[in-house]
Amino acid sequence: MLNKSIRLDYRIILEHVEPSSSVLDLGCGTGDLLSLLIREKDIKAQGIEIDDKAIFECVEKGVSVFQGDIDTGLPEYGDKSFDIVILHQSIQQVKRPDKVLKEALRVGRKVIVGIPNFAYIKARFQICLTGKVPVTPSLPYEWHNTPNLHFLSLVDFVEYCIKQGIRFESACFLGNKRKINIFPNLFAQVGIFVLKENGQNKL
Amino acid sequence: MGRSMVKTKQINHKKNQEDYSLSTNNYSLPSGFVKTQYYTFASPPDELELESGRKLGPITLAYEIYGRLNKQKSNAILILHALTGDAHAAGIHEEDGQTGWWDNMIGPGKAFDTEKYFIICSNVLGGCKGSTGPASINPHTGKPYGLEFPLITVKDMVNAQRCLIDHLEINKLLAAAGGSMGGMQALQWVVSYPERVCSVIPVATTITHSPQQIAFNEVGRQAIMADPNWNDGDYYGKDLPAKGLSVARMVGHITYMSDVSMNEKFGRRFKNEKKPFKFSPEFEVERYLQYRGDNFISRFDPNSYLYTTKAIDYFDLANGNVLYAVLKGIRAPFLVISFKSDWLYPPYQSQEIARACKLAGIEATYCELNSNYGHDAFLVEVDEQTHMIRHFLKKVSHSNKVSEEHAE
């Protein structure tokens, strides 16, 4: 059984990673998720991160990481060169999420995407009642210091994927401490999706 | 410079207890005094065959060792020096009291921790700091080689080091690490001997010289060769081409710094009070370069400068292929480090290495460190490099099950 002290979103991602698989984490930050996956699933890990300080922490945790921009950093990788590509809490921070997602689907046999939900009920209240840009646990920044370039809801993301013909293998919606099954676009703060390129792996 | 560079002391090639003691009992701590040792090999008829096809021997390599080799002989790290470096990488030399060129990185508790690892650094083939080079005595003539010395490549340097590593009875290096030309050697090591290197740390380096890098080297070479004392390389025992070497060194020093670091170091300050105008050095930067240039002759052989700069100009790791194909199959993880202000070996060249690692499926970490020091950064930016290297080595030691138990 997985340790309950592990962050809920990480626990969900762990469930979708097979032991000993190769994993590329785009925007791996300080390498927490990858080092957890190394420990729990003995994966072959590679991160890409742009921030120097975060890279130092990755190296400290024994995570291999390239300093680079994920907006431009993927063309080197061959098709399906990783079992899993992770875009956790990073797709809203890249300049061109459409291109990055397309590249991730090309490079990975499957792609795990985690996004913060802009349509979370508290965010809706804040924008409606106070007339201010929302600040929530999954969107903790103010307008002037946010690294997020794109604001999207779970529905936005699902619609986009359907339009692009991207296959959903699974989807999971998370609140503060538990999974959300009813009206996720209203009550979930984070959505985690497992995606596959269309036309392949017709399971 | 007329003195013989070839040490006559012959060391037995055979594996015996005495040899083994070289690498274990006879160690010295970098915090204290260290001494340079010499290994002579490739005596005729077993000369080393060079990349050019020519044969060279006997060859002496000057080397230093720090720390202790463990029982499994699995904790050895080879440090490779840059263009004008030498075997004295760490500690205080027992003869001249000089501190090693990477002393801030090698020693107890430092990036290359001598309490955990056994560190080896050798002067390159073609060098002039105790290893066989153009200033050494040519056994066929009894005189210094001069231009009779064969062309040396980075691959030849590595092949010669391999003989030293064999002599030390080390089957597999835990890491090959170095900056600039040292990085080229580290890369060549893993490509030439992939089964003998557990990891590679190329710092501020490239897989091949750009036209700009060749151009700066050519200016240096032309300065040496334009000095009338150079005399087609035959100057040993006579007046040395000191001015030519000095200009070469001045050009070199400019490329090792950055616009920002030169501004910080010198500004437009004048060195002395105003004197009558005579084109004598006035600005601090002029004085600095002249000082550096003029001192260089006391520690470097001009012909060695010609040969080693040529070696790095010829260096081409991929050798006409695509690099990732050359790296394919290598299992050793890479730690690639570059510096943002390094315009001599710009980060894009390190990114090429990182990119090839990605394509070849090699586990690699690439980091571009912030520094204003230009190419010199690899010698002075200690903290961040230490952090990266220490943790990288820890991981490599762990995955190679390196024991910290030392040999008795």
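By convention here, each chain's residues receive numbers from 1 onward along its written sequence. Here every chain gets a letter starting at A, and every ligand a number starting at 1, in the order they are written. Only residues with pLDDT of 70 or above have their local features reported here, since the model is predicted, and side-chain atom pairs are shown and tallied only from 80 upward, although totals for entire chains, interfaces and linings are computed over all residues.

(A) Local environment of the overall build of chain A. Regarding its fold elements, chain A presents 7 helices and 7 strands. Numbering of helices and strands runs from the N terminus, with a helix taken as a DSSP run of H or I at least four residues long and a strand as a DSSP run of E at least two residues long. Ordered by position from the N terminus, the helices and strands of chain A form the series α-β-α-β-α-β-β-α-β-α-α-β-α-β. Expressed along its principal axes, the backbone C-alpha trace of chain A runs to roughly 45 × 40 × 40 Å. Taking contacts inside chain A between residues at least 6 apart in sequence as the whole, the part at least 24 apart equals 59%. A pair of residues counts as a contact when their C-beta atoms, built from backbone coordinates, are separated by no more than 7 Å.

(B) Structural context of the overall build of chain B. Counting secondary structure elements, chain B contains 12 helices and 16 strands. Here the C-alpha radius of gyration of chain B, 21 Å, is about what a compact globule of 408 residues would show, namely 22 Å. Seen through its principal axes, chain B has C-alpha atoms that stretch 70 × 50 × 45 Å. Across the 408 residues that make up chain B, the buried fraction comes to 53%. Restricting to contacts in chain B with at least 6 residues of sequence separation, those with at least 24 account for 75%. Our radius of gyration is a C-alpha quantity, and the globule rule it is checked against amounts to 2.2 Å times the number of residues to the power 0.38. Each residue is classified by how many other C-beta atoms fall within 10 Å of its C-beta atom, where C-beta atoms are placed from the backbone; a count of 20 or more means buried, 12 or fewer means exposed, and values in between mean partly exposed.

(C) Broad picture of the pairing of strand 14 (residues 200-203) of chain B. All names here are of chain B. Side chains of strand 14 alternate between two faces, with V200 and P202 and I201 and V203 buried alike. For the segment spanning strand 13 (residues 175-179), helix 3 (residues 181-192) and strand 14, crossover handedness is right-handed. A pair of strands counts as paired when DSSP detects no fewer than two bridges linking them. Relative to strand 15 (residues 334-339), strand 14 runs parallel, the two being bridged by 2 bridges. The residue bridging V203 from the neighbouring strand is I337, located in strand 15. Classification remark: right-handed applies to a crossover when, strands pointing away from the viewer, the course from the first strand over the helix to the second runs clockwise.

(D) The arrangement of unusual backbone geometry in detail. All names here are of chain B. In this model, P44 is joined to P45 through a cis peptide bond whose omega is 10°. Cis geometry is found at the peptide bond from G57 to P58, where omega equals -5°. The topology assignment puts P58 in the loop between strand 4 (55-56) and strand 5 (59-66). Even without a glycine there, the phi angle at N231 is positive, about 55°. By secondary structure assignment, the location of N231 is in the loop between helix 4 (211-226) and helix 5 (242-256). Within the chain, F279 stands out as a residue other than glycine whose phi angle is a positive 60°. Within the fold, F279 resides in the loop between helix 6 (259-265) and helix 7 (284-296). Since 6 C-beta atoms lie within 10 Å of it, F279 is described here as exposed.

(E) Expanded view of the packing of helix 4 of chain B against helix 8 (residues 302-314) of chain B. Residues and elements named next belong to chain B. The N-to-C vectors of helix 4 and helix 8 enclose an angle of 160°; their axes lie 10 Å apart at closest approach. Taken together, helix 4 and helix 8 sit at an angle that is classed as roughly antiparallel. Seen from above, helix 4 lies across helix 8 with left-handed handedness. Across the interface between the two elements, I214, N217, G220, R221 and I224 from helix 4 touch P302, Y305, L306, T309 and D313 from helix 8. Three categories are distinguished: nonpolar for Ala, Val, Leu, Ile, Met, Phe, Trp, Tyr, Cys and Pro, charged for Asp, Glu, Lys and Arg, and polar for the others, with Gly belonging to the last. Here the residues of the contact of helix 4 with helix 8 are counted per class, giving 5 nonpolar, 3 polar and 2 charged. Angular values range over 0 to 180 degrees, each being the angle between N-to-C directions of two axes fitted as lines to C-alpha atoms, with helices fitted over their stretch in contact. Should an angle fall under 35 degrees it is called roughly parallel, over 145 degrees roughly antiparallel, and 65 to 115 degrees roughly perpendicular, with every other angle called oblique. Crossing handedness is defined as follows: a turn of the near helix away from the far one that is anticlockwise and smaller than a right angle gives a left-handed crossing, while the clockwise case is right-handed.

(F) Examining the interface of chain B and chain A more closely. Contacts between chain B and chain A engage 17 residues on the former and 13 residues on the latter. Counting residues per element, the ones that place at least two in the side of chain B that touches chain A are helix 10 (347-360), strand 16 (364-369) and helix 12 (382-399) of chain B. Taken together, the residues of the side of chain B that touches chain A sort by class into 8 nonpolar, 4 polar and 5 charged.

(G) Representation of the nonpolar core. All names here are of chain B. With 172 residues, the main nonpolar core has I77, I79, I119, L173, A175 and A176 as its most contacted residues. A per-element tally of this core places helix 3 first, with 7 residues. Domain delimitation in this document rests on an assignment produced automatically or drawn from a domain database. No fewer than three residues from each of domain 1 (17-208 + 316-399) and domain 2 (213-312) sit in this core. Ignoring anything within four residues of it in the chain, the contact list for A175 reads I77, C198, S199, V200, I201, L393 and V396. Buried Ala, Val, Leu, Ile, Met, Phe, Trp, Tyr and Cys residues whose C-beta atoms connect them within 7 Å together make up a nonpolar core.

(H) Seen up close, the environment of Y77 of chain A. Within the element layout of this structure, Y77 of chain A appears in the loop between strand 3 (65-67) and strand 4 (82-88). Residue Y77 of chain A is classed as buried on the basis of its C-beta count, with 22 C-beta atoms lying within 10 Å. Separated by 110 residues in sequence, Y77 of chain A and F187 of chain A have C-alpha atoms that sit 37 Å apart. In this structure, Y77 of chain A is in contact with V107 of chain A together with K358 of chain B, ignoring residues within four places of it in sequence.

(I) Summary view of the packing of helix 5 of chain B against helix 7 of chain B. Residues and elements named next belong to chain B. Direction vectors running N to C along helix 5 and helix 7 enclose 130°, while the axes themselves pass 8 Å from each other. As judged from the angle between their axes, helix 5 and helix 7 are oblique. Relative to helix 7, the crossing made by helix 5 is right-handed. Contacts between helix 5 and helix 7 involve L245, S246, V247, R249, M250 and H253 on the former and, on the latter, L289, R292, G293, D294 and F296.

In short, the description is geometric, and any link to function would need to be established separately.
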